[in-house]
Amino acid sequence: MKYGVAISVLAAFLWAALSAQERAGVSSFSGIVAAVGGDWVELKTGPGVERIQIGPKTNVWKGEDGMAVSVIHVGDEVTGRGVREVPDRIVASEMWVNIVSLDIAIVKWNGTEAEVRVGQNDQSSKPGRMRLTEKTAFTSGRPVSAEKLPLGQFMRVVGLRLDDGTIQATRVLIEDAARIQPFEAVEFAFVHDASKVSRKYLPESVAGGVALLDYDGDGLLDVYFVNGAAVRDPMPKVARADKSAAKYWNRLYRNLGGGKFEDVTERAGVKGAWYGMGAAAADFDNDGHVDLYVTGFGGNELFRNRGDGTFEEIGEAAGVRGGGWSTGAAWVDVDGDGKLDLAVARYAKWDYEPDIWCGPKQAELRSYCNPEQFPAETHLLFRNLGGGKFADVSKESGFGTAPGRGLGVAIADFDQDGRIDIAVANDAAPQQLFRNVGGGSGLGGVKFTEVGFDSNIAYDDNGRVFSGMGIDWGDVDGDGRDELVVNALAQQRYALFRWTGGKGGGPAAFEYASAETGLATLSRNHSGWGMKLADMDNDGRVDLVTAQGHVMDNIERTQPAVKYRESMALWRNAGGKFVNASGEAGAAWLQPRAARGAAFGDLDNDGLVDVVVLAQGEHAVWFRNRTVGNHWLMVKLVGSASNRDGIGARVRVRSGGRDQWRTVSTGGSYLSSNDVRAHFGLGAAGEDVEAVEVQWPSGRKQTVTGVKADRILTLREPL
């Protein structure tokens, strides 16, 4: 009897989910009582009926105080456990009568009784009532009062269903209640044109990217799309694709607010000149205006923001034109001098000639060649000298001495030594992690060592290379250390590398943790591109969002189970393990696309992370996040001694006794550039933020306290 309170609270969570296969010798049961005998009850369990034997050793519990009962009625809801003696009979050891666990949203209450909606979302919910008592507990990872319960947010209630249908609540759990609401899909006029031809030229299979940037300084994120260019069939060696036709222009859309955008490409002067790949946005010259770097096959462009709504292309003059086949890029202050440097990944030593035929000798089955047929390429690092000039320090820094087949680029101080490191996702080559060891000789005084193998992020758990494309850093398990996530092609599984600590004084090491985090199972049949660890429901845990689709446009002819066009993936972080929440994100989210780049940020400043996705041959889409109920905080940094964007800063937010960390960056994802503001979900009870701490790239530390939630907090680096 004295154990009744604990059992009644846990019953519906623990035993309703337990199966005989999961717990040897024990069977769980749950259903509605259809008939009652002297020592048995029959339960309706979905389509079937199950007989539960009740004996002298069966404990039957009812009510919030765990009272033992001897009477069970037809229509009661019963949950329990026992031993299955024969296929159609369970001998019960414990039973809980009318103890329910339901998702509800409170519509209103008078302090004692609440009107609620019962169900998982607005479409499926039904009206109901909940009665509160002085013993009702309200939790959200910590005790909270009933007065702070948010109206309208779905939460979990455990309690006793009374005869009149009212739920007498034992416990109301807010933290378990976050539900993704359907995204609103807003289409852009832009359609990506890869200029696909019969020769299956490789660049067309992997382009292009998206950048989010507030180019006009009005507080709203604008959107830039990177497009292809006209390719002839066949194309001569070292020829340059033609970008003059309007359908091949890169496009800049000014955010007008209210879900409206204006195409300002021509006025801004950012049409582009090369077959485009990706983009990276940041204020490289610290003048308060966001600039734009665009990568491509054959050459790259640097668009310097004049501050009057127009840009000047200075790639050649600045010394960052590059060459070869550039893909992902990230702005990062590698030497801590307050000026943003530029890291650029390159893919392969490839050209239009020789024209290699890959796949069966049938035109409809010709495929894109495996990149392993082409030599890997070294990456580029440009050091910012100031005055609009850069120096190529790729070789002397060590960043350009380890060839790869680079696509996505992401930055973080993974070993927390005060220097920003760079990770590169590689296709059909070992993943790379460039550790910034500082103190290099020559121009710039910075040195990188490639430690992918030593830190255990180069290969999967079977020691194999995989097709790394999208990449991101983020603290999945809330321990203050970033995990590294790299997606891949179908059958390869997306990789999550979890930090385990340094060994022998060396760099921090990681372990391949895709299986235990649920990522291996979720991703096995999917191919990923743009990707980010972002808190999509503001519950205080970073979720994983991926834009998907296979690289081969005819893959279904040879592998019918693998799809060229795929839906978006939203895998919710349920406390260090990912669960599939894609179905909650709505019909538009589930529409198959040949997605490539994806950029993440809050385009309408409502505190929710939105996603802008580029899909080949289709209209680009803004997925507008409509999930409500939890609190949030966004932190916008303005540097003084550090770079003006605060890129590379480490931001810690403490709310409700729990810490969260973010590294300020526009990098990550796939060929794309994200919102520079650091976003934090605070959960349902996170109205008050106890402290915000910034570790600036300059080494200065700044702390503010007493911050209110649900706002954009601008912090300027103290002089």
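Each value, and the rule that gives it
- Counting starts from 1 at the beginning of each chain's written sequence and moves along it residue by residue.
- For this predicted model, a pLDDT threshold of at least 70 governs which residues receive local features, and a threshold of 80 or more governs which side-chain atom pairs are given and counted, while totals over whole chains, interfaces and linings are taken from all residues.
- Side-chain figures throughout are based on the complete set of non-hydrogen atoms in the structure, without hydrogens or water.
- Here a strand is any run of E in DSSP of at least two residues, a helix any run of H or I of at least four, and the numbering for each starts at the N terminus.
- In protein, a polar contact means a hydrogen-donor-capable atom and an acceptor-capable atom, both N or O and within 3.5 Å, with residues adjacent in sequence counting only if both atoms are side-chain atoms; elsewhere, any N or O pair within 3.5 Å suffices.
- We call two residues in contact when some of their heavy atoms are within 4.5 Å.
- Note on aromatic contacts: the rings of Phe and Tyr and the six-membered ring of Trp form a pair at centre separations within 6.5 Å, being stacked when their planes are under 30 degrees apart, edge-to-face when over 60 apart, and tilted otherwise.
- For each residue, the accessible area found with a 1.4 Å probe, counting protein chains only, is set against the maximum for its type, and the residue is called buried under 20%, exposed over 50%, and partly exposed in between.
- Think of it as a cone above the ring: NZ of Lys or CZ of Arg counts as a charge over the ring if it is within 6 Å of the ring centre and within 35 degrees of the ring normal.
- By disulfide we mean two sulfur atoms from cysteines, separated by a distance within 2.5 Å.
- Put simply, buried Ala, Val, Leu, Ile, Met, Phe, Trp, Tyr and Cys residues joined by side-chain atoms within 4.5 Å make one nonpolar core.
- Pairing between two strands requires that DSSP report at least two bridges joining them.
- Here an angle of 0 to 180 degrees is reported between the N-to-C directions of two axes, which are lines fitted to C-alpha atoms, with helices fitted over the stretch in contact.
- Confidence scores labelled pLDDT are given residue by residue by the predictor and lie between 0 and 100.
- For this document, the term salt bridge refers to a Lys or Arg side-chain nitrogen within 4 Å of an Asp or Glu carboxyl oxygen.

Here we take up the side chain of Arg652. Among the structural elements, Arg652 can be located in strand E43 (residues 650-655). There is a polar contact of 3.0 Å between the side chain of Arg652 and the side chain of Asp659. For Arg652, the contacting residues outside a window of four places in its chain are Asp659, Gln660, Trp661, Ala691, Val692 and Glu693.

According to the stated counting rule, one finds 30 aromatic pairs in the structure shown. Geometrically, the ring pair formed by Phe183 and Trp589 is stacked, given 4.5 Å between the ring centres and 20° between the ring planes. In this pair, Phe183 is assigned in the loop between strand E13 (167-173) and strand E14 (184-191) and Trp589 in the loop between strand E38 (578-580) and strand E39 (595-601), connecting sequence segments 406 residues apart. Trp589 carries the same exposure label as Phe183, and that label is buried. Their ring planes at 70° and their centres at 5.1 Å tell us that Trp589 and Phe623 sit as a pair that is edge-to-face. Within this pair, whereas Trp589 is found in the loop between E38 and E39, its partner Phe623 is found in strand E41 (residues 619-624), the two being separated by 34 residues in sequence. What makes Phe623 buried here is its relative accessible area of 0%. Three or more aromatic residues joined by ring pairs form one cluster here, namely Phe188, Phe190, Phe225, Tyr253, Phe261 and Trp622. One residue, Arg51, lies across the ring of Trp40, its end atom 3.9 Å from the ring centre. Arg240 extends its terminal NZ or CZ atom over the ring of Trp274, reaching a point 3.6 Å from the ring centre.

The subject of this paragraph is the state of the cysteines. Counted under the stated rule, the structure contains one disulfide. The disulfide that involves Cys358 links it to Cys369, with 2.0 Å between the sulfurs. Disulfide Cys358 to Cys369: torsion about the S-S bond roughly 95°, handedness right-handed. Placement of the pair is Cys358 in the loop between strand E24 (341-346) and strand E25 (380-386) and Cys369 in the loop between E24 and E25, with a sequence separation of eleven residues. An identical accessibility class is assigned to Cys358 and Cys369; each is buried.

Counting residues in each nonpolar core, the largest one holds 53 residues, and the members touching the most others are Trp331, Ile422 and Val692. Those residues in contact with Val692 that lie beyond four places of it in its chain are Leu633, Val635, Val651, Arg652, Val653, Gln702, Thr703, Val704, Val707, Leu713 and Leu715. Counting 36 residues, the second-largest nonpolar core is a separate cluster that includes Trp350, Tyr368, Met552 and Leu671.

With that out of the way, let us pick up the sheet that holds strand E23 (residues 326-332). One open sheet holds the four strands; their spatial order is E23-E24-E25-E26, and the pairing between them is antiparallel. Each having just a single partner strand, E23 and strand E26 (389-392) make up the two edges of the open sheet. In this sheet, adjacent strand axes meet at a mean angle of 25° when their direction is disregarded. Here five bridges tie E23 to E24, and the two strands are oriented antiparallel to one another.

Let us look at the side chain of Asp460. Counting through the fold element by element, Asp460 comes out in the loop between strand E30 (448-450) and strand E31 (471-474). Overall, Asp460 belongs to the buried group, its relative accessible area being 9%. Looking at Asp460, its side chain comes within polar contact range of the main-chain nitrogen of Asn462, at 2.8 Å. Setting aside chain neighbours within four positions, we find Asp460 in contact with Phe466, Arg493 and Tyr512.

Let us now look at the confidence of the model for the chain. Across the chain, the average pLDDT comes to 88, with 87% of residues at 70 or higher. In the predicted structure, residues 1-25 sits below a pLDDT of 50 and forms 44 contacts with residues beyond four places in sequence or in another chain. The low-confidence segment residues 64-68 (pLDDT under 50) makes 15 contacts with residues lying over four places distant or belonging to another chain.

Our focus in this paragraph is the pattern of salt bridges. Following the criterion strictly, the structure yields 42 salt bridges and no others. Connected via shared salt-bridge partners are Glu184, Asp604, Arg624 and Arg626.

Okay, the pairing of strand E20 (residues 291-297) next. The buried fraction of E20 is high, at seven of seven residues. Burial along E20 is two-sided: Asp291, Tyr293, Thr295 and Phe297 facing one way and Leu292, Val294 and Gly296 facing the other are all buried. Examined bridge by bridge, strand E19 (residues 275-282) and E20 share six bridges and lie antiparallel to one another. Bridge pairing in E20 places Ala280 opposite Tyr293. With three bridges connecting them, E20 and strand E21 (residues 301-305) associate as antiparallel partners.

Looking now at the sheet that holds E20. Read across the sheet, four strands follow the order E19-E20-E21-E22 without closing on themselves; strand pairing throughout is antiparallel. Either end of the sheet is taken by a strand with one partner, and the two such strands are E19 and strand E22 (311-313). Each neighbouring strand pair of the sheet contributes to a mean axis angle of 25°, computed without reference to strand direction.

Our next topic: the environment of Asp39. Along the chain, Asp39 falls in the loop between strand E1 (27-36) and strand E2 (40-45). Linking Asp39 and Ile54, residues 15 residues apart in sequence, is a C-alpha distance of 5.0 Å. If we skip the residues at most four places from it in the chain, Asp39 touches Ile52, Gln53 and Ile54. Reaching out from Asp39, the side chain makes a polar contact with the side chain of Gln53 at a distance of 2.9 Å.

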